[in-house]
Number of protein chains: 6
Amino acid sequence: MSARIPAVELPTLNAHIIEAAARRALEEDLGELGDATSEAAISPETRLRAAIRTRKPGRVAGVDVARAVFALADEDIIFEVEAPDGCDVAALDTIAVVDGPAIAVLAAERSALNFIGRLCGVATLTRSYVEAVDATMARITGTRKTTPGLRALERHAIRAGGGVPHRFGLGDAILIKDNHIAAAGGVDAALMAVRARAGHMVHVSVEVDSLDQLAVALRYSPDVVLLDNFSLDDMGKAVRLVGGRCTVEASGGVSLDTVRAIAETGVDVISVGALTHSAPALDVGLDAID
Amino acid sequence: MSARIPAVELPTLNAHIIEAAARRALEEDLGELGDATSEAAISPETRLRAAIRTRKPGRVAGVDVARAVFALADEDIIFEVEAPDGCDVAALDTIAVVDGPAIAVLAAERSALNFIGRLCGVATLTRSYVEAVDATMARITGTRKTTPGLRALERHAIRAGGGVPHRFGLGDAILIKDNHIAAAGGVDAALMAVRARAGHMVHVSVEVDSLDQLAVALRYSPDVVLLDNFSLDDMGKAVRLVGGRCTVEASGGVSLDTVRAIAETGVDVISVGALTHSAPALDVGLDAID
Amino acid sequence: MSARIPAVELPTLNAHIIEAAARRALEEDLGELGDATSEAAISPETRLRAAIRTRKPGRVAGVDVARAVFALADEDIIFEVEAPDGCDVAALDTIAVVDGPAIAVLAAERSALNFIGRLCGVATLTRSYVEAVDATMARITGTRKTTPGLRALERHAIRAGGGVPHRFGLGDAILIKDNHIAAAGGVDAALMAVRARAGHMVHVSVEVDSLDQLAVALRYSPDVVLLDNFSLDDMGKAVRLVGGRCTVEASGGVSLDTVRAIAETGVDVISVGALTHSAPALDVGLDAID
Amino acid sequence: MSARIPAVELPTLNAHIIEAAARRALEEDLGELGDATSEAAISPETRLRAAIRTRKPGRVAGVDVARAVFALADEDIIFEVEAPDGCDVAALDTIAVVDGPAIAVLAAERSALNFIGRLCGVATLTRSYVEAVDATMARITGTRKTTPGLRALERHAIRAGGGVPHRFGLGDAILIKDNHIAAAGGVDAALMAVRARAGHMVHVSVEVDSLDQLAVALRYSPDVVLLDNFSLDDMGKAVRLVGGRCTVEASGGVSLDTVRAIAETGVDVISVGALTHSAPALDVGLDAID
Amino acid sequence: MSARIPAVELPTLNAHIIEAAARRALEEDLGELGDATSEAAISPETRLRAAIRTRKPGRVAGVDVARAVFALADEDIIFEVEAPDGCDVAALDTIAVVDGPAIAVLAAERSALNFIGRLCGVATLTRSYVEAVDATMARITGTRKTTPGLRALERHAIRAGGGVPHRFGLGDAILIKDNHIAAAGGVDAALMAVRARAGHMVHVSVEVDSLDQLAVALRYSPDVVLLDNFSLDDMGKAVRLVGGRCTVEASGGVSLDTVRAIAETGVDVISVGALTHSAPALDVGLDAID
Amino acid sequence: MSARIPAVELPTLNAHIIEAAARRALEEDLGELGDATSEAAISPETRLRAAIRTRKPGRVAGVDVARAVFALADEDIIFEVEAPDGCDVAALDTIAVVDGPAIAVLAAERSALNFIGRLCGVATLTRSYVEAVDATMARITGTRKTTPGLRALERHAIRAGGGVPHRFGLGDAILIKDNHIAAAGGVDAALMAVRARAGHMVHVSVEVDSLDQLAVALRYSPDVVLLDNFSLDDMGKAVRLVGGRCTVEASGGVSLDTVRAIAETGVDVISVGALTHSAPALDVGLDAID
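(A) Up close: the interface of chain E and chain F. Across the contact, 58 residues belong to chain E and 58 residues belong to chain F. With both sides pooled, the region where chain E packs onto chain F buries about 4900 Å², and carbon together with sulfur makes up 54% of that total. D29 of chain E is paired through a salt bridge with R144 of chain F; the nearest N and O atoms lie 2.5 Å apart. Here the element with the most residues in the side of chain E that touches chain F is helix α4 (residues 102-132) of chain E; it accounts for seven residues. Considered class by class, the residues forming the side of chain E that touches chain F number 29 nonpolar, 15 polar and 14 charged.

(B) Structural context of the pattern of salt bridges. Applying the stated criterion across every chain, the model contains 101 salt bridges over all chains. The salt bridge partner of R49 of chain D is E80 of chain D, with a shortest N-O separation of 3.8 Å. Residue R49 of chain D is located in strand β1 (residues 47-54), and its partner E80 of chain D is located in strand β3 (residues 78-81); the two are separated by 31 residues in the primary sequence. By relative accessible area, which is 28% here, R49 of chain D ends up partly exposed. Two residues, R47 of chain E and D99 of chain E, come together in a salt bridge whose shortest N-O distance is 3.8 Å. Separated by 52 residues along the polypeptide, R47 of chain E in strand β1 (residues 47-54) and D99 of chain E in strand β5 (residues 94-101) bring together distant segments of the chain. Here the salt bridges do not stand alone but share partners, grouping R47, R49, E80 and D99 of chain A into one network.

(C) Inspection of the relation of the copies chain A and chain B at higher detail. With an RMSD of 0.0 Å, the operation that places chain A on chain B is a rotation of 180° combined with a shift of 0.0 Å along the axis. Such a combination of turn and shift is consistent with a two-fold rotation axis. Counting the interface residues of chain A, we find that 100% of their copies in chain B are interface residues as well, pointing to one common contact surface.

(D) The arrangement of the sheet that holds strand β9 (residues 224-228) of chain C in detail. Residue and element names in this part refer to chain C. A sheet is described by the order of its strands in space; here six strands give the open sequence β6-β11-β10-β9-β8-β7, paired in parallel fashion. Taken across any chain shown, the strands that pair with only one partner, and hence form the sheet edges, are β6 (139-141) and β7 (174-176). Sheet twist, expressed as the mean angle between neighbouring strand axes with direction ignored, is 20°. In terms of strand pairing, β7 meets strand β8 (residues 204-208) through three bridges, oriented parallel. The partner of L175 across the bridge, within β8, is S205.

(E) Inspection of the domain arrangement of chain A at higher detail. All names here are of chain A. Domains assigned within chain A are domain 1 (15-123 + 280-288) and domain 2 (132-277). Using only C-alpha atoms to locate each centre, domain 1 and domain 2 end up separated by 36 Å. Each partner contributes to the roughly 990 Å² buried at the junction of domain 1 and domain 2, and carbon and sulfur atoms together form 70% of this total. Ranking the residues of domain 1 by area buried against domain 2 places R118, L119 and V122 at the top, with a combined share of 42%. Along the contact surface separating domain 1 from domain 2 lie zero salt bridges. Applying the counting criterion to the domain 1 and domain 2 interface returns three residue pairs in polar contact (both at pLDDT 80 or more). Considering every element that reaches the side of domain 1 that touches domain 2, the biggest residue donor is helix α4 (residues 102-132), with five residues.

(F) Representation of the sheet that holds strand β9 (residues 224-228) of chain F within the structure. Residues and elements named next belong to chain F. With parallel pairing, the six strands of this open sheet are ordered in space as β6-β11-β10-β9-β8-β7. Of all the strands in the sheet, just β6 (139-141) and β7 (174-176) have a single pairing partner and so form its edges. Averaged over all adjacent pairs, the angle separating strand axes in this sheet is 20°, with direction ignored. This element, helix α8 (residues 211-218), spans β8 (204-208) and β9 of the sheet and lies at about 160° to β8.

(G) The arrangement of unusual backbone geometry in detail. Positive phi outside glycine occurs at N229 of chain C, with the angle close to 60°. Here N229 of chain C lies in the loop between β9 and α9 (232-242). A positive phi angle, close to 75°, is found at L92 of chain E, a residue other than glycine. Among the secondary structure elements, L92 of chain E is positioned in the loop between β4 (88-89) and β5. Using a relative accessible area of 58% as the deciding quantity, one classes L92 of chain E as exposed.

The rules behind the values
Once a new chain begins, its residue numbering starts again from 1 and follows that chain's sequence as written. A letter from A marks each chain and a number from 1 marks each ligand, given out in the order of writing. Per-residue local features of the predicted model are confined to residues with pLDDT of at least 70, and side-chain atom pairs are confined, for both listing and counting, to 80 or more; whole-chain, interface and lining totals are unaffected and use all residues. Calculated side-chain values reflect all of the structure's heavy atoms, with hydrogen atoms and water omitted. For this analysis, residues touch if any pair of their heavy atoms sits within 4.5 Å. Joining two parts hides part of their accessible area as seen by a 1.4 Å probe, and the buried area is that hidden amount summed over both. In what follows, salt bridge is the name for a side-chain nitrogen of Lys or Arg lying within 4 Å of a carboxyl oxygen of Asp or Glu. Runs of E in the DSSP output that reach at least two residues are strands. Runs of H or I that reach at least four are helices, and both are numbered from the N terminus. Residues are sorted three ways: Asp, Glu, Lys and Arg are charged, Ala, Val, Leu, Ile, Met, Phe, Trp, Tyr, Cys and Pro are nonpolar, and all the rest, Gly among them, are polar. Burial classification: accessible surface area is computed with a 1.4 Å probe over protein chains only, and a residue below 20% of its type maximum counts as buried, one above 50% as exposed, and the rest as partly exposed. Copy-to-copy alignment: least squares on C-alpha atoms, limited to residues at pLDDT 70 or above in both. Two strands are said to pair when DSSP picks up at least two bridges between them. In this analysis an axis means a line fitted to C-alpha atoms, helices contributing only their contacting stretch, and an angle means the value between N-to-C directions, from 0 to 180 degrees. An automatic or database domain assignment supplies the residue ranges for each domain. Under this definition, polar contacts are N or O atom pairs within 3.5 Å; protein pairs additionally need one hydrogen-donor-capable and one acceptor-capable atom, and for neighbouring residues in sequence, both atoms have to be side-chain atoms.

Put into structure tokens, the structure is as follows:
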């Protein structure tokens, strides 16, 4: 059995991020006391071979996290991947097969499935958005509206779904949003302060909510303008106003119903918070096999 | 301004759970480098007063986590709650007001909103299920299909939505599920092993997928039987077969469309994985106010 | 050399619990600076083969924790178990043999022995209680009076001694003790509140300190009644009053002198705090062997 | 009410050590789920005033850890100390009074009592040894046979009992024990290696098990000689042989029955592993008061 | 006494970063055992008022970390800042005054001074470089050659010295260095791969070691070119070749002797690894005052 | 290729210390997001073989930490040591060779080099001091002025440079410094308090700043006297005054220019804070090799 070829090329997640997430989930589920049911119902000698199977079609993500969960539960569990992150799967497809001591496999089952279900959910929803804008210039990305504690994993899942990673952390780039503008006293004031303090070397994104604000912002040569909740009509005007001088990103109220029209206005990027804050989990289960 | 009265009575979450979650989220969002935008755009002396406001109606949960996030960012931020956990809110209602140094408020904004959005989402979805079974005997509960790292918070959100907490951890009670039965060699074998090893003192739940399995299970006097993916018809038969000897729980494939009919079969509890694995976030924002 | 057969069947402790305990102990003993003595006195090339030996007879527990301590100190240390958890040992019996770089073996020695000594102590004391109630219906269990930080390990040691695990965590089951009754305003008030809020699905234990309180408690169909510091005479009356309707647990002031008489009153379970809060360590040492 | 005056003068434990221990205990007891009983049985508005009271006489230790446990559970709990660490208490004496929200007080009760019970147990046993050697030159100290994770607290409890702290960590001083001697190839070899590598600046203790070994060891001017399991007779000879050139410490098999005779041989220090590895907990409880 | 005005405007470091660093240092210095000297030599009632004073002139950084160290040691220590981060100080100037229980002040002394000494050292060295390029267009920045565990603090110290923060983390921006070029198979291959995979939205820096490589790199419109170890002559040619199309950064072998000449070539930024990897600590001490 | 023989014999650092430091550095450098450059520029299949090479001559330290960093990044990276800790290296010598997936090698590069650069810097500076006092009786040691978080590693580097470890932690030995003397009310008061409370068993060091203070201190038979900032002349007098009764340590203002003269006064030990607080990093790089 050889693993499938993913639909997208994906970097590997750092091992220390995967392991920390896996460990935290196992500790949360097993707590101090372990899995009383397996211990009582199943002999320590019993082995279990089982498949992680989809119940619905989708795009795979999170397989390496599941592998880490099983490895932490018992280093003797064998984990064979059939559909690595980035693969498309149909209902009842096998993502991976685990084989090991039944008690350990079942102790890890829920934690592993919770990761896979959630991350496949993000990848699958992302894929839908990516397909919806097919053959336009627009790329789909996420936002910082991620699940607390899972940001790196969810970013990875967005890439597995064909999205591009959200571009900058809080650390070094500048993302001027509505509340920054309010606190600074206007777009002009915010951008002047940024240019004075941070100089010309820093990547600057600025969120605008009108064509007027956009016009002001463009005077400061931002790297990206985010059009927040623009009408389709204004979005088109904004794209023409920018005229290629910087990246244009649309955000706010994007749905599968509206995303194609947004893409067709000519924006470069569409950021979709729902990819991480509202993706339903993909239904996956662990089925004993012979 | 006095806070509203919640629709449900709720225990307080343990402070150490809230603080750990808040800390992890802030560290994830701010990383080692902090919030470059606020630092560049806003003077350290500027203060910001802002309201956490809903964009859609829903049930509130997670306010204490948001409070903890702001307190960690700067202990001088004042946080006034208007709608505590368990309250119903309309669109544009204010959940809480924060007031403090603008740089710190904005550094914490996203982490705080991510918690509130997600936990209100769980509470709001739970409320829908609870209302759907109104005036039946059935109670709504969640499952262990929670977000890794957030189980305690999501359980709390289920209670804020009117659900009852899922009853047992893995630690000490026995929950015999399909894979345990498979690994043990059948319901009979699993229950005999449990009774032999764990004695009569332990709370035992057993999941069955047919009336035949149910009949076998009942011989061992379980405390709860979980009817997994039963038809409505079989569910009714199961309730009658049990005849009050133990709690009957329905699980598997429950949706808002089907939950009322399930409740009307007479089951005691309906467990809904979607409450935590697929609840869309409630849309909330932070609006600067005067 | 093949390992002995334990006197009791025991589930394996979760690897993450063992490793965390082992790591904390090593860090505490070695601190930032390591073991200056071994480094100064012993050449890095010297190997040491040594036996973990009892000085007194007892019941074994904690072997897997000791193994983890040595593995953390140096992954090249070989650890062969002769008497796994649950075995009875005489004085001067070998529990396990370690073989590896002398510096690492000696750096880990004290931490490993501290675990084994304490956990064998708990198992050995538990065995004494279990033997004292031999051929009665009573089972011996522990309480939450465990060593802070070692609860899971001490619970495991109780099982190694032939006891049954204490049944419920604080999380989900209800254990109404004297102070809850005081704070709620009486047994009646406490049980009514519990039944109103938690419903009939929750496992409820209630501690009573008189036959009158017991009579009140029984009206609420608890799953377990704990007879706290009852006289033998009242205990017998309580067992007859309960009449099999729920589990009867005796607790408070149980000693090896009194436990048999308590068991003979017919109670189902006897919980003994001393198993964990006052068990003397079993004397074990590490002896260099050829 | 003013606090009593301790029988011994004691340094304050570092806040970060206390807090870490308190946090770990609370997390272990409450886990992710909190205290279901208090939440179900007791109204959030109910307050509880309760006394931590002894059931048996003893020496107090651990009060500051208990205070930290209650503070972590709810910062609004008031904690008034009546008998600080180092005080002697009779049965039914009050050590401290707590006053706060009943749910939080009861959530913290068991963790706080577990610390106090154990640490008072260590202090009380130490006091017995100290009293047994009264009016001799010998001082009582502990060993590294402490409870994993609690070393700093147990060392403190030994001091509260009138003992002296065990003198050196593993880090920098040299303590040559039997296995070091075995691994190095004899006392001579071990001490020569130490003198060659560590020079004359390092504090050196060496454990000897015979007068012959003692004679060898003295050639290397150790700071301390540990007489391991010497007969009383040999101990006296050893004291005379040393003749004040270094500290003489007796260890191994010390009990309350033998400690006085050991002290009267003239040794300077007697180290007693049982102070920490086998001290029974002092029985303490939390009693609601008006 | 009012605090001085800093020479540079500085953002506040995030509280959670400061506290984590302070806690780790205290734990490292005090370990499990605390400060035996203060406990033995000083009465718990003694208070100490002392000044953190420079022995040499310099630029201040790290005051808030020192404050956090003292606060962790004892929350009753008062800490008054005279010269906040960013101030210039002469020898024997007072940076801050602490006042509190002598035992706690002295327990925290070394950890606090270690932070201040090191961070003032970084700020002071940075100031020298900044002054050396005065009245040129060049700005001074650091590199990722920071002390493991202290990056955020050292970045802050560079800013306190008048430098600009190093611009991007590893996370999202692209910094192509010599080894990436080697592994990718040349500058062309590396930049083509980056452009294909990461698109035009990502900020790209590329390090070049010759004018030829620079010419290749410019074809891909990087945001920054790093001239690695260029001669002054080639640096000038590079600036002219770039002609303002992107930021030009000089790095490699920069010293106080050479930095002015480098700045005069017209580069925009000079990155100096020595700011963090080789800055001597500023000599600061804690002097008891009346 | 066989590894070189170190110039000094060195104990191995504890694995748990190395791993914790390596993990913290990697997490700091990679954060949640990983290394965007390698992922974009380099194919996952590309392997890289590269040498850690010096740019300047020096003494090696930190190789095992670098190994741990690479192992954490990818357990498949091969790490071959050519010049282990304690070796002398010339410019362009190879310390170690790494071979593995290019993406992982480059993700770990900076963290590994930061450790090696800093620790080699400490070892190299120590070597200079050790050579400067060659053929005197004086030994070189460090102080507690270490980098926060790196004390154990820096102590190890001092030993790699030929220094002796600083002798005692804060935990158990007594080091009376100027501020203790101030807070206690003089040398006499401090030493009397120490002798009264800590007895004759404790190792006592006392810092004196004049011959008069020295004379007072010697009455209390300290184990070590630290001559703080004595003139060479007074140092010689102090050595004669002590007359071999205890160890004499010189500290304060020691430099490479003055250390030989200090050694020739006859002091036993010279402690040099600069070894850790001001050692410039050794310049090391990672060079791709064929």
